[in-house]
Amino acid sequence: MARVVGLAGLPEPTFRTMDNEWVSLDTLVGLVVEQLQGDVSPLVAKCVIQMSRHTVRTLEDVDIGMLARDVTMALRPEHIVVTPLVVQAVLLAYVTEVEDLNVVQVAEGYE
């Protein structure tokens, strides 16, 4: 998969699986887009994932509805216009893929 441009200043994590394989965020984004049957572009999926991961770092409890609304609003200045339902769909697909890959470690990386 070609590199997907994400949000500047936010991490480009790499995920280590139980099989000791490393998976890039772009690979994970590709799996999310595939799971959503192309209803969301790789750019939108990556930006939603990056912003969501950034946002939950400051939260003690995560309410998916509130997170989706916060991410929706935070992406607008980046010219990424999505609805909370789209954010929720991307996050559900993301969590499903992370679980299916048996991710055991996340290494943060910044571009």
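Refer to the structure printed above.
A brief look at the structure comes next. Predicted model only: the values in this text are computed from it and were never measured.

### Side note on the sheet that holds strand β2 (residues 22–24)
Two modes of strand pairing occur in sheets, parallel and antiparallel, and in both the strands are linked by backbone hydrogen bonds.
Okay, so step 1: Spatial ordering of the open sheet is given by β2-β1-β3, a layout of 3 strands whose pairing is antiparallel. In this open sheet, the two strands that pair with only one neighbour each are β2 and β3 (103–107). On average, adjacent strands in this sheet sit at an angle of 30 degrees to one another, irrespective of strand direction.
Okay, so step 2: The pairing of strand β1 (residues 14–17) with β3 spans 4 bridges and is classified as antiparallel. Bridge assignment links T14 to a residue of β3, and that residue is A107.
Okay, so step 3: The strands that helix α1 (residues 25–35) touches are β1 and β2; relative to β2, the one it contacts most, it runs at about 70 degrees.

### Focus on the packing of α1 against helix α2 (residues 42–56)
For any two helices packed against each other, one specifies the inter-axial angle together with the distance between the axes.
Okay, so step 1: One way to put it is that α1 packs onto α2 with a least axis distance of 9 Å and a crossing angle of 115 degrees. The two elements α1 and α2 cross, and the hand of that crossing is right-handed. Across the interface between the two elements, L25, D26, V29, V32 and V33 from α1 touch P42, A45, K46, I49 and Q50 from α2.
Okay, so step 2: Its residues placed into classes, the contact of α1 with α2 shows 7 nonpolar, 1 polar and 2 charged.

### Let's talk about the side chain of S52
Okay, so step 1: By secondary structure assignment, the location of S52 is in helix α2.
Okay, so step 2: With near-sequence residues (within four places) excluded, S52 lies in contact with L67, V71, V87 and L91.

### Observations concerning helix α3 (residues 64–75)
Okay, so step 1: Taking 1.5 Å per residue, 12 residues should reach 16 Å; α3 reaches 16 Å between its end C-alpha atoms and fits that length.
Okay, so step 2: Where the residues of α3 are buried, they touch α2 and α4 (84–100).
Okay, so step 3: Of the residues that open α3, the one with a side-chain oxygen 3.0 Å from the backbone nitrogen of G65 is D63.

### Quick notes on the packing of α3 against α4
Okay, so step 1: At a closest axis distance of 8 Å, the pairing of α3 and α4 adopts a crossing angle of 115 degrees. By the criterion of interaxial angle, the relationship of α3 to α4 is roughly perpendicular. Judged by the sense of rotation from one axis to the other, the crossing of α3 with α4 is right-handed. Of the residues in α4, those in contact with I64, G65, L67, A68, R69, V71 and T72 of α3 are P84, V87, Q88 and L91.
Okay, so step 2: Of the residues assigned to the contact of α3 with α4, the class counts are 7 nonpolar, 3 polar and 1 charged.

### Topic: the environment of R3
Okay, so step 1: Note that R3 resides in the segment before β1.
Okay, so step 2: R3 gets classed as partly exposed once you look at its relative accessible area, which sits at 47%.
Okay, so step 3: Spatially, the C-alpha atom of R3 lies 9.6 Å from that of P42, the residues being 39 residues apart in sequence.

### Structural notes on the packing of aromatic side chains
Okay, so step 1: Here the structure, examined in full by the defined rule, presents 1 aromatic pair.
Okay, so step 2: Aromatic side chains F15 and Y94 sit 6.4 Å apart centroid to centroid with 70 degrees between the ring planes, which places their arrangement in the edge-to-face category. Of this pair, F15 sits in strand β1 while Y94 sits in helix α4, placing them 79 residues apart in sequence.
Okay, so step 3: Here F15 falls in the buried class, since its relative accessible area comes to 1%.
Okay, so step 4: For Y94, a relative accessible area of 12% puts it in the buried group.

Conventions adopted
Residues numbered from 1 in each chain as written. Predicted model: local features only at pLDDT ≥ 70, side-chain atom pairs only at ≥ 80, totals over all residues. Heavy atoms only, no water. Pairing = 2+ DSSP bridges. Helix = DSSP H or I, 4+ residues; strand = E, 2+ residues; numbered from the N terminus. Axes fitted to C-alpha atoms, helices over the stretch in contact; angles between N-to-C directions. Contact = heavy atoms within 4.5 Å. Left-handed = near helix turned anticlockwise from the far one by under 90°. Nonpolar A, V, L, I, M, F, W, Y, C, P; charged D, E, K, R; others polar. Expected span 1.5 Å × (residues − 1). Polar contact = N/O pair within 3.5 Å; in protein donor to acceptor, adjacent residues only side chain to side chain. Parallel < 35°, antiparallel > 145°, perpendicular 65-115°, else oblique. Buried < 20%, exposed > 50% of the residue type's maximum accessible area, 1.4 Å probe, protein only. Phe/Tyr/Trp six-rings, centres within 6.5 Å; stacked < 30°, edge-to-face > 60°.

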